[in-house]
Each structure stands twice: as structure tokens, then as C-alpha cells.
Amino acid sequence: MAKQPMLKFVNVDRDMPQKRSAETRKEDFHEIYAEFSATKAEEQASRCSQCGVPYCQSHCPLHNNIPDWLRMTATGRMKEAYELSQATNTFPEICGRICPQDRLCEGNCVIEQSGHGTVTIGAVEKYITDTAWENGWVEEITPGKATGEKVAIIGAGPGGLAAADVLVRAGVSVTVYDRHDRAGGLLTYGIPGFKLEKDVVMRRVELLERAGVAFKLNCNVGEDVTFADIHKENDAVLIATGVYKTRDLQGPGGGAAGIVNALDYLTCSNRTDFGDKVAEFESGELNAEGKKVVVIGGGDTAMDCVRTAIRQGATSVKCLYRRDRANMPGSQRETQNAEEEGVEFVWLAAPKGFAGDPVTGVMVQKNRLGAPDASGRRSPEVIEGADYVEEADLVIKALGFEPEALPTLWNEPDLPVTRWGTVKAAFETHKTDMDGVWAVGDIVRGASLVVWAIRDGREAGANILATLSERAAVAAE
Ligand SMILES: Cc1cc2nc3c(=O)[nH]c(=O)nc-3n(C[C@H](O)[C@H](O)[C@H](O)COP(=O)(O)OP(=O)(O)OC[C@H]3O[C@@H](n4cnc5c(N)ncnc54)[C@H](O)[C@@H]3O)c2cc1C
Ligand code: SF4
């Protein structure tokens, strides 16, 4: 009888790829996890219990065929593993690196629930596609026979790029507009290199470019070109602009020099990681070197800021969060990484104002936790008389993002938006009520995840194709 290659979770412990020591990784912006060796990847994949109803798959937004590609990996059939993995995911090596797996696929792994430790699905997914790139299995995108149809995509983040991939393969002429000078959206200018190295993103953009996708960069829609013109000149328009309006802090002293927005800070750091010269970095305005840094917020953006500040050579980095560790929205894995790298978390602490201009400190009020709020998390309540000043000469506000007012900015009052300002689009088709206009990703969902943007982009691309061919059929009658 053939030897059973799977279900090894009883004898083989969960293991992640090696993590570089905090001392070494603090010195640069390279990713912190090494690659699995081939033997290790096979061994870890072989722990999968091959469930008949795989909860990992149903909790992956892309419904990746995880048990099958784990089995292929465990049996050394790497090219087939890659083909299966890329069939449902436009950027598997990116998701393998940055999905919060503990909340998605791995968080629903059955062997985790039976106490054996989840299969390391994300690390294997990364390994499969990195191996495919190394071996030349990632093929050029072949554009389909030209249909003569034109689609414009506004926003070159994961949502827009995933849709561009679907459309160009079908022979549609695709133009992607972005106000930045590089494509990739938050993959390029939000998420730091220690989570996702930039060449991993750029080689995907280059594949699309070589397939004929036209990128109009440094082009801010609403300023450099009107939405109306784009709408008029194309058969369909996809809005994939993300959310960029920073939630602000109330309190005196908030306008002082040295208080900056998280995304300005991260964008500047990512640009320097590309080798660009950035004036605000050179001047010290967006550079933590030699500074006492306080980051305000408890989400993933805050985690990226504190860890960037450590790498820039801050003298101290503190993260103020108004709830406690158990109630923070950021990933526990990233919080632990930050702590290992020397970040100090000040729990149950909220800013009520700022001292000095340039800033010298954050006036902090201490909280205790009360009853759960609508989100199920316990609400902070102020402890009277416990205020103090936390010294700081760089304060980074990382309190989340909201949509910009697109109907106003683009002078398009008919663009349908919700009361939160996100664009209203139908579930699955991603079509808005404006003729020929679709929308995907964070601008529809609010601040979300890369994997959801990819799913939306793939679905919208497919629906645009279906709509265009229906239109062509009607016109031919
Ligand atoms: C700091 C940070 C860290 C994150 N870390 C993670 C993580 O680890 N894992 C994860 O899954 N998610 C993470 N996210 C969330 C994730 O990055 C987003 O959910 C995802 O990028 C959304 O994709 P999108 O395509 O909708 O928009 P975006 O990636 O935001 O791309 C939108 C693009 O549209 C462009 N644009 C906007 N307006 C215009 C205009 N008027 N004209 C032209 N171009 C325009 C922007 O320049 C941008 O390039 C993080 C977010 C941030 C801010
Ligand atoms: S795409 Fe994300 S959620 Fe899906 S299998 Fe990969 S890491 Fe897990």
C-alpha cells in the first residue's frame, strides 16, 4: 500500500520559517522571515488533515484550494501546487506574506482547533510561488485577441491590478490611472519592506506592463484629468482608489510641528527604501532617527509605524493605545514582532492634547475598560486624576482612514456613496448604479485587507467582461 503522505500533524509539530533575530532585523528593511527549505515546506504541508469540508478554504476570501496545494507540496509536485495556487489568487506570494492568517485560513484550521497548532498555510503559499518565480514557472501574461473595448481603472492598488490582470487576458485595452509615481497602492507605499519587499510587488506590476496594461502614473483623477472625461472615453470604469483621509485627533496643540500622519511617514520611508531622495526625510521632518517617538493607535498601521521608527534609529518608541492588548485591532503576531524589536506598548492610554511646538510631549489620560461596545470590544473609561505627559519629539497619528469625498472631489454628484462616504457597489458584481462604473477594494469596504481587494478586483473584472459581451451581443442584433 502507498505510504500516506498527509495527516502528519500528530507527530510533526507546527513550525514557521526561521525569523531573523530582532537585533539583526532592526538594522534593515528586509523581510524578517526566511524561506522554508524544500524539506521543511514538504514536512509542514504534510501536517494537513485533508478535511472533506476545509474550513481554511471557506475562510479564505479567495476560496483558495488549500488542501490540494498542500498535498502537492507535501509530495514534491511543486509546479502543480503553483498552478493550483495561482488559479484562484492573482498574487499568492503577496497574500502568503501579509494576510492576517490567524483571522482567516489558519484561524479556522481544524488541527489548530484540536490543539495541534495550525498548518502554516501562509508560509507554504509564499514558498510555492517564490519557488515558481525562481524556477521560471510564472509565465508572461498572454493578452487575449483584441476586442477593441477600453476599460479605465482608477487606482493601481491590489484591487485595480487584480482587475487589470483579468481584463488584459481577455483582450481588453486597459489603462490604469494612479496619482503616485509607482503602481501597487498600499503594497508599494503603505506596507513596509520588512513585511513585503518592494521587488515582490514591482515584478507583478512589470508582468502587467509587458502584457500591455498602460499605466498613467502621477495622474490624480479629479485634478490632472476629470472623471467625466475618463467615463466618456471608455466602455467601463473601475474605481479602486482606496481610503486615504486620515482620522484626526482632537485636543489642544494638535497643529504643532513634529506631529505627523502615519501614511505620510510610511510613504516617505518606503520611498527611501526604493532609494529615492525625499526632502522630508533628509530634513528630519519624517525621520525618526535620534528621536523619542510616540505612535498613537493600535491597528496594523500603528504596528508598521513603530517598527519603521525602530529601524530608522529612534532613541525610544512607544505605542499608546486606549484599550488593552486583548482588545486591540492589530495582529497579535505583529505586536509581538514589535515588542521583540524594542517597542514599548502603553496600554489604556489616550492622548488628550500635545505640549510644545515643536512637540515635546503627549498629554495622556489613563483609562480602564468598561462594558463592551457595539463592536464587542470593551470601551475605555477615563480614570480621573491619572493624567501625565509622555515625552516625545515625533508623534505619529495612526488612527485609521476614511474615504475621501469622491462625488465632491470629482464633481460627480451622481456617484452613489454610503453615509460613510464609501462608494456603493453591488455585492459580487461590484457594479455601481452609475452607468458603466464599477468599484472595488477599500473605497467600497472601508479600510480592509489586500486579499479582499484582490477578490473584488477579480470578480469585478469578470463582471465587466460579461457586461461588455452582453452589450456587444445586443448591438449585433
Ligand atoms: C500601513 C498599512 C499596512 C497594511 N498592512 C496590511 C497587511 O499587512 N495585510 C493586509 O491584508 N492589508 C494591509 N493593509 C490594508 C491594505 O493595504 C488595503 O486593504 C489594500 O491595499 C486595499 O487595496 P485597494 O486596491 O482597495 O487600495 P489601495 O491599495 O489603497 O490603492 C489605491 C490606489 O489608488 C490611488 N488613488 C487614490 N485616489 C486616486 C485618484 N484620485 N487618482 C488617481 N489615483 C488615485 C492611490 O494612489 C493608490 O495607489 C494595510 C494598510 C495600511 C495603510
Ligand atoms: S490568500 Fe490569505 S487567507 Fe487565503 S490561503 Fe492565502 S494566506 Fe490564507
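Here's what I pulled together on the structure shown here. (Residues numbered from 1 in each chain as written. Chains lettered and ligands numbered in written order. Predicted model: local features only at pLDDT ≥ 70, side-chain atom pairs only at ≥ 80, totals over all residues. Heavy atoms only, no water.)

### Overview of the nonpolar core
Across soluble globular proteins, nonpolar side chains have a tendency to be buried as a group. Applicable threshold: We define a nonpolar core as any set of buried Ala, Val, Leu, Ile, Met, Phe, Trp, Tyr and Cys residues linked to one another through side-chain atoms lying within 4.5 Å. Buried residues are those whose accessible area, probed at 1.4 Å on protein chains only, stays under 20% of the maximum for their type, while exposed residues exceed 50% and partly exposed ones sit between those limits. For this analysis, residues touch if any pair of their heavy atoms sits within 4.5 Å.
Grouped together as the largest cluster of nonpolar side chains are 72 residues, with contacts concentrated most on Leu70, Ile153, Val174 and Phe215. Not counting residues within four places of it along the chain, the set of residues in contact with leucine 70 comprises Met6, Ala45, Cys48, Val119 and Val124. With 28 residues, the next largest nonpolar core counts Val278, Cys319, Met328 and Ala338 among its residues.

### Some points on the site of ligand 1
Applicable threshold: Nearness is defined per residue: one heavy atom within 4 Å of the molecule or strand is enough. Pairs of N or O atoms within 3.5 Å make up the polar contacts considered here, provided that, within protein, one atom can donate a hydrogen while the other can accept it, and that residues adjacent in sequence are counted only when both atoms are side-chain atoms. All accessible areas in this document rest on Shrake-Rupley with a 1.4 Å probe, and a residue is counted as covered only by the protein chains that are shown. Comment: elements are numbered from the N terminus, with helices defined as DSSP H or I runs of at least four residues and strands as E runs of at least two. Gly is placed with the polar residues, together with every amino acid not listed as nonpolar (Ala, Val, Leu, Ile, Met, Phe, Trp, Tyr, Cys and Pro) or charged (Asp, Glu, Lys and Arg). What counts as a domain boundary in this text is fixed by an automatic or database domain assignment.
Around ligand 1, the structure places 33 residues, and the nearest of them are Ile98, Asp178, Val221, Tyr244 and Asp442. Within the backbone of valine 450, one N or O atom sits 3.0 Å away from an oxygen atom of ligand 1. Taking 1,000 Å² as the accessible area of ligand 1 by itself, protein coverage stands at 97%. Contributions of two or more residues to the shell around ligand 1 are made by helix H9 (158-169), helix H15 (300-312) and helix H19 (450-476). Here the residues of the shell around ligand 1 sort into 16 nonpolar, 12 polar and five charged. Residue-level mapping places the shell around ligand 1 at the junction of two domains, with at least three residues from each of domain 2 (150-243 + 403-476) and domain 3 (247-401).

### Considerations on unusual backbone geometry
Following aspartate 357, the chain continues to proline 358 via a peptide bond in cis, the omega torsion being 0 degrees. Inspection of the secondary structure assignment puts proline 358 in the loop between strand S10 (349-355) and strand S11 (361-372). Of note, the phi angle at asparagine 218 is positive, near 55 degrees, even though the residue is not glycine. Looking at where asparagine 218 falls in the secondary structure, it is placed in the loop between strand S3 (214-216) and helix H12 (227-233). In this structure asparagine 218 comes out as exposed when scored by relative accessible area, which is 53%.

### Topic: the packing of helix H5 (residues 78-88) against helix H8 (residues 121-134)
Note the following rule: Angular values range over 0 to 180 degrees, each being the angle between N-to-C directions of two axes fitted as lines to C-alpha atoms, with helices fitted over their stretch in contact. When describing relative orientation, an angle under 35 degrees is termed roughly parallel and one over 145 degrees roughly antiparallel, while 65 to 115 degrees is termed roughly perpendicular and anything else oblique.
Between H5 and H8, the shortest axis-to-axis distance is 9 Å and the interhelical angle comes to 110 degrees. The orientation of H5 relative to H8 falls into the category roughly perpendicular. On the side of H5, the interface is formed by Met78, Ala81, Tyr82 and Ser85, while H8 contributes Glu125, Tyr127, Ile128, Thr129 and Ala132.

### So, the site of ligand 2
Note the threshold: Of the two site types, the cavity is a set of points on a 1 Å grid over the protein atoms alone where a 1.4 Å probe fits but cannot get out, and the pocket is an open set with protein on both sides within 12 Å along at least five of seven lines, each lined by residues with an atom within 4 Å of a point. Being in a pocket or cavity means that more than half of the molecule's atoms lie within 2 Å of its grid points.
Around ligand 2, the structure places 13 residues, and the nearest of them are Cys60, Asn64, Cys99, Cys105 and Glu125. Judged by its atoms lying within 2 Å of the grid points, ligand 2 is housed in the second largest cavity. For the shell around ligand 2, the class distribution of residues is nine nonpolar, three polar and one charged.

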